[in-house]
Amino acid sequence: MKIQLPVIVCRNLKQELGEAHEVHCSRERSRAAWDIIEEYLMPFVEQEQYQISSKCRLHPDNDMFRDQEKHKIHVDINEWRCGYCKKSFRAEKFLDQHFDNRHYNLLNVSHSKCLADLCGALHCDFVMKSKSSKSKCNPAAVARNRHLCESFANSCFPINQGPSASRLHELFLRQFCDAHTCPGKAKPFPKGGKKQTSILYLAVSILILMLLPIFYLIVFLYQREMRRGTQELRRISRVGQKTKPS
């Protein structure tokens, strides 16, 4: 005997199975936004030993893809591995598709969790180079992004919460918000970021390693010449004593 389900029940099941996997949030732009936060903001936050509130939109808990991104294992240039089920893929985009199809239940799809919504304030287009540098500046869009940017500075780093928060508030305005102008000649991230700091540290380290042997060589040659000079003086002194008339 066949059991026929009501049309409404069938439609609901179809929606749960088919439409539940629709995520109206760009994974690529969310990744770009997080990369910007991690590179151009977090080094300064860590330097100040400041704890960002979970209510701040920049907090990692407010990125629906964060847990999945943490479970990406980049084995080799042509191999990405899923940290959940250990399945391997030839490219990151295929791993992204795997996450969407097989591990959708691990997404945090609650409201205000789409980090891509912050891209206007964080200059994702500048980093991704998705807009032409010759594109016409839109004053309304610039004003909207600047307002959004300043709201993050106010909510994430309230100036009434101490010196560290006040310094980070000022830094955030300079690092992200000041570049929201027309005609857009000001570049974002004037304070630099993690990569610039790492490159500088690497360059200084290499320079020290190159100069250190030269320094020790100079010290060695100097000491050797000093010893030779002392020995020569002693020899001359002995010769003088031997030739002295009795």
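None of the values given here were measured: they were computed from a predicted structure.

Enquirer: Just checking my understanding: could you explain the nonpolar core for this structure?
Expert: Generally speaking, a soluble globular protein has its nonpolar side chains buried in company with each other. Judged by nonpolar contacts, the single largest core of 33 residues is most densely connected at L41, L58, L122, F157, F172 and F176. Breaking this core down by element, the ones donating at least two residues are α2 (27–40), α3 (42–48), α6 (119–122), α8 (139–156) and α9 (163–177). No other element matches α9, which puts seven residues into this core. Aside from chain neighbours lying at most four places away, what touches L122 is A33, I36, I37, L58, F172, F176 and F189. Among the nonpolar cores identified, the runner-up in size contains seven residues, and C25, M64, Y104 and C114 belong to it.

Enquirer: Help me out: how do you make sense of the state of the cysteines in this one?
Expert: The bond known as a disulfide is covalent and runs between the sulfur atoms of two cysteines. Tallied over the full model, the rule gives five disulfides. Between the sulfur atoms of C56 and its disulfide mate C156 the distance is 1.9 Å. For the disulfide bridge between C56 and C156, the dihedral angle about the S-S bond is near 85 degrees, and by the sign convention the bridge is right-handed. Linking C56 in the loop between α3 and α4 (66–70) with C156 in helix α8, this pair joins segments that are 100 residues apart in sequence. Note on accessibility: C56 and C156 belong to one class, buried. Note on cysteine connectivity: C149 is disulfide-linked to C177, with sulfurs 2.1 Å apart. The sign of the S-S torsion, about -90 degrees, decides the handedness of the disulfide formed by C149 and C177: left-handed. With C149 in helix α8 and C177 in helix α9, the pair connects residues that are 28 residues apart, well separated along the chain. Just as C149 is buried, C177 falls in that class too. Here C85 is not disulfide-linked; the sulfur of C82 is the nearest cysteine sulfur, at 3.6 Å.

Enquirer: Sorry, what's going on with α2 here?
Expert: Residue pairs three or four apart in sequence face the same way in an α-helix, which turns once every 3.6 residues. The terminal C-alpha atoms of α2 lie 20 Å apart, and with 14 residues this matches the ideal 20 Å at 1.5 Å per residue to within 8%. The buried fraction of α2 is high, at ten of 14 residues. Within α2, the full set of buried residues consists of R27, S30, R31, A32, A33, W34, I36, I37, E39 and Y40. The backbone nitrogen of E28 has a side-chain oxygen 3.5 Å away, supplied by the residue at the start of α2, namely S26.

Enquirer: I keep staring at the sheet that holds strand β3 (residues 88–89) and nothing clicks. Help me out?
Expert: Across a sheet, strands are paired by hydrogen bonds formed along the backbone, either parallel or antiparallel in direction. What the three strands build is an open sheet, ordered β1-β2-β3; its pairing is antiparallel. Looking at which strands have only one partner, the edges of the open sheet turn out to be β1 (72–76) and β3. Of the pairings in the sheet, the one linking strand β2 (residues 79–82) to β3 comprises two bridges and is antiparallel in character. In the strand pairing of β3, R81 is matched with S88. Where helix α5 (residues 92–102) meets the sheet, its contacts fall on β1, β2 and β3, and the angle it forms with β2 comes to roughly 20 degrees.

Enquirer: Any chance you could explain the layout of surface pockets here in plain terms?
Expert: Rolled over the atoms, a probe as big as a water molecule pinpoints where empty space is left. When its volume is computed, the second largest pocket comes out at roughly 160 Å³. Lining of the second largest pocket is provided by W34, M42, V45, E46, Q49, Y50, Q51, I52, H59 and P60. It is α3 that contributes the most residues to the lining of the second largest pocket, three residues altogether. Tallied by class, the residues present in the lining of the second largest pocket amount to six nonpolar, three polar and one charged.

Enquirer: Help me understand a nonpolar patch on the surface, please; the structure alone is not making it clear to me.
Expert: On the surface, V204, I208, L212, F215, Y216 and V219 cluster together into a nonpolar patch covering about 550 Å² of accessible area. Relative to the helices and strands, F215 is located in helix α10 (residues 194–243).

Enquirer: Which parts of the structure should I look at to understand α8?
Expert: For α8, built from 18 residues, the straight-helix expectation of 26 Å at 1.5 Å per residue is met to within 8% by its first-to-last C-alpha distance of 26 Å. Every buried residue belonging to α8 is among A141, V142, C149, F152, A153 and C156, and all of these are buried. The buried residues of α8 all sit within an arc of 115 degrees when viewed along its axis, so they share a single face. The exposed residues of α8 that point more than 90 degrees off its buried face are P139, R144 and H147. For α8, the N-terminal capping position is held by N138, with its side-chain oxygen 3.1 Å away from the main-chain nitrogen of A140.

Enquirer: Please explain the pairing of β1 as it appears in this structure.
Expert: Remember that side chains alternate between the two faces of the sheet whenever the strand is regular. Direction of pairing for β1 relative to β2: antiparallel, over a ladder of four bridges. Residue pairing across strands places H74 opposite W80, the latter belonging to β2. If you look at the hairpin formed by β1 and β2, you'll find two residues sitting between the two strands.

Reading guide: rules and limits
- Residues numbered from 1 in each chain as written.
- Predicted model: local features only at pLDDT ≥ 70, side-chain atom pairs only at ≥ 80, totals over all residues.
- Heavy atoms only, no water.
- Core = buried A, V, L, I, M, F, W, Y, C linked by side-chain atoms within 4.5 Å.
- Buried < 20%, exposed > 50% of the residue type's maximum accessible area, 1.4 Å probe, protein only.
- Helix = DSSP H or I, 4+ residues; strand = E, 2+ residues; numbered from the N terminus.
- Contact = heavy atoms within 4.5 Å.
- Disulfide = S-S within 2.5 Å.
- Expected span 1.5 Å × (residues − 1).
- Polar contact = N/O pair within 3.5 Å; in protein donor to acceptor, adjacent residues only side chain to side chain.
- Pairing = 2+ DSSP bridges.
- Axes fitted to C-alpha atoms, helices over the stretch in contact; angles between N-to-C directions.
- 1 Å grid on protein atoms, 1.4 Å probe; cavity = no way out; pocket = protein on both sides within 12 Å on 5 of 7 lines; lining within 4 Å.
- Points joined across faces, edges and corners; volume = space filled by probe spheres on them.
- Nonpolar A, V, L, I, M, F, W, Y, C, P; charged D, E, K, R; others polar.
- Patch = residues over 30% accessible without salt bridge, like charges linked within 9 Å, V, L, I, M, F, W, Y side chains within 5 Å.
- Areas by Shrake-Rupley, 256 points an atom, 1.4 Å probe, with all protein chains shown as cover.
- Salt bridge = Lys/Arg side-chain N within 4 Å of Asp/Glu carboxyl O.
- Arc of directions from axis to C-beta.

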